[in-house]
Amino acid sequence: MYGRTWPPPDLGSAVEAIDAEGNLLWSLTEMFSSLSFIHGVKPGPGNSLVVADTSSGHVLGFDLDGNPLWSIDFVDGDTIHWPNGIDVATGSDGVTRLAVTLLLQVGSGPDYVDVYVLDEAPVLERRHDVGDAAWPHGPHLRGDGVVVSLSARGQVVSLVDGEEEWRVPESPGVLAFPRDAVFLPDGTMVVADAATELLRVYNPLDGFDDIWGRATPGAFSIDLVDCAELPCLGG
């Protein structure tokens, strides 16, 4: 499943699903007629979808028939906190949570990472202030916290209960503009950096070295898939 956005002047978006052979299963467009820039779509509880529309400043929940379930508004007068990334996951406590990265124009104030408890409607559980002009991207709920790429800082950070657990690399300069980062089952980390390269870091929390890279133009986000169910490159 993925979100698709077409360029100006005909702004619009769609959410679509394909099978393992690449055949289109379904496409939802009318439900997003008021959205101009989908920037993340995730399956929600039950048969629902969670979508971030960056330019309108909203995160919305829909059912698969296109009926709206709820909406989070990040607009305050003329100021919009742009929701540019979302993640939905159910923790070991059985609670489903929604993570949202929110950024402002440079110099307008701090950027945030919000975590909501997601039931019939989202309820804010905690907010992380990541500082002015951090440009957070690619949230991933992991254990008790959320891992986020601070693109403008060139770092990846783990936030737990409103506090910073760790930040890598320790000194900026290794990464240019990380947009997403995920841990593989073996503990290595894959980073989408500056939308031009995928990097695999073999000891991300202890030195952040032994990096393997592959040019991947257009790489914006990363997710893990089960290669037993979906065909994988090199598999």
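What comes next concerns the included structure. (Residues numbered from 1 in each chain as written. Predicted model: local features only at pLDDT ≥ 70, side-chain atom pairs only at ≥ 80, totals over all residues. Heavy atoms only, no water.)

### Points about a negative patch on the surface
Item 1. Among the surface-exposed residues, Asp144, Asp161, Glu163 and Glu165 lie close enough to one another that they form a single negatively charged patch.
Item 2. Here aspartate 144 is to be found in the loop between β14 (136–142) and β15 (145–150). (Patch = residues over 30% accessible without salt bridge, like charges linked within 9 Å, V, L, I, M, F, W, Y side chains within 5 Å. Areas by Shrake-Rupley, 256 points an atom, 1.4 Å probe, with all protein chains shown as cover. Salt bridge = Lys/Arg side-chain N within 4 Å of Asp/Glu carboxyl O. Lys, Arg positive; Asp, Glu negative; His and termini not counted. Charge placed at Lys NZ, Arg CZ, Asp CG, Glu CD. Helix = DSSP H or I, 4+ residues; strand = E, 2+ residues; numbered from the N terminus.)

### Overview of the nonpolar core
Item 1. In this structure, Val50, Val59, Leu98 and Val100 are the most contacted members of the largest nonpolar core, which totals 14 residues.
Item 2. Here leucine 98 is in contact with Val50, Val59, Trp70, Ile72, Ile86, Asp87, Val88, Asp114, Val115, Tyr116, Leu118 and Leu141, once residues within four sequence places are set aside.
Item 3. Core analysis: the second largest hydrophobic core is formed by twelve residues, Trp166, Val168, Phe183 and Met189 among them. (Core = buried A, V, L, I, M, F, W, Y, C linked by side-chain atoms within 4.5 Å. Buried < 20%, exposed > 50% of the residue type's maximum accessible area, 1.4 Å probe, protein only. Contact = heavy atoms within 4.5 Å.)

### Here we look at the sheet that holds strand β10 (residues 82–90)
Item 1. As summarised here, the arrangement of the four strands in space is β10-β11-β12-β13, forming an open sheet in which the pairing is antiparallel. The sheet terminates laterally at β10 and β13 (122–132), the two strands that pair on one side only. Going from strand to strand, the sheet's axes swing by 15° on average, the running direction of each strand aside.
Item 2. By the bridge criterion, nine bridges tie strand β12 (residues 110–118) to β13 in an arrangement that is antiparallel. Considered in β13, the bridge of aspartate 114 is made with arginine 127. (Pairing = 2+ DSSP bridges. Axes fitted to C-alpha atoms, helices over the stretch in contact; angles between N-to-C directions.)

### Quick look at the side chain of serine 151
Item 1. Mapped onto the elements of the fold, serine 151 is located in the loop between β15 and β16 (155–160).
Item 2. Here the side chain of serine 151 touches histidine 137 through a polar contact of 2.8 Å, side chain to side chain.
Item 3. When neighbours within four sequence positions are excluded, serine 151 is seen to be in contact with Ala134, Trp135, His137, Ala176, Phe177, Pro178 and Arg179. (Polar contact = N/O pair within 3.5 Å; in protein donor to acceptor, adjacent residues only side chain to side chain.)

### Observations regarding the pattern of salt bridges
Item 1. Going through the model one piece at a time under the given rule, you end up with eight salt bridges.
Item 2. Note that lysine 42 is salt-bridged to aspartate 87, the shortest N-O span being 3.8 Å. With a gap of 45 residues between them, lysine 42 in strand β4 (residues 38–44) and aspartate 87 in strand β10 connect regions that are remote in the sequence. With respect to burial, lysine 42 and aspartate 87 carry one shared label: buried.
Item 3. Salt-bridge contacts for arginine 127 lead to aspartate 114; the nearest nitrogen and oxygen are separated by 2.7 Å. Highlighted residues: arginine 127 in strand β13 and aspartate 114 in strand β12, separated in sequence by 13 residues.
Item 4. Given a relative accessible area of 40%, arginine 127 falls into the partly exposed group.
Item 5. Residue aspartate 114 is classed as buried on the basis of its relative accessible area, which comes to 0%.
Item 6. Residues participating in the shared-partner salt-bridge network are Asp93, Arg97, Glu125 and Arg126.

### Thoughts on the sheet that holds β15
Item 1. Pairing is antiparallel across the open sheet formed by four strands, whose spatial order is β14-β15-β16-β17. Edge positions in the sheet fall to β14 and β17 (163–168), since each has one partner strand and no second. Averaged over all adjacent pairs, the angle separating strand axes in this sheet is 20°, with direction ignored.
Item 2. Inspection of the sheet shows β16 paired to β17 by five bridges, in the antiparallel sense. The residue of β17 that forms the bridge with serine 158 is tryptophan 166.

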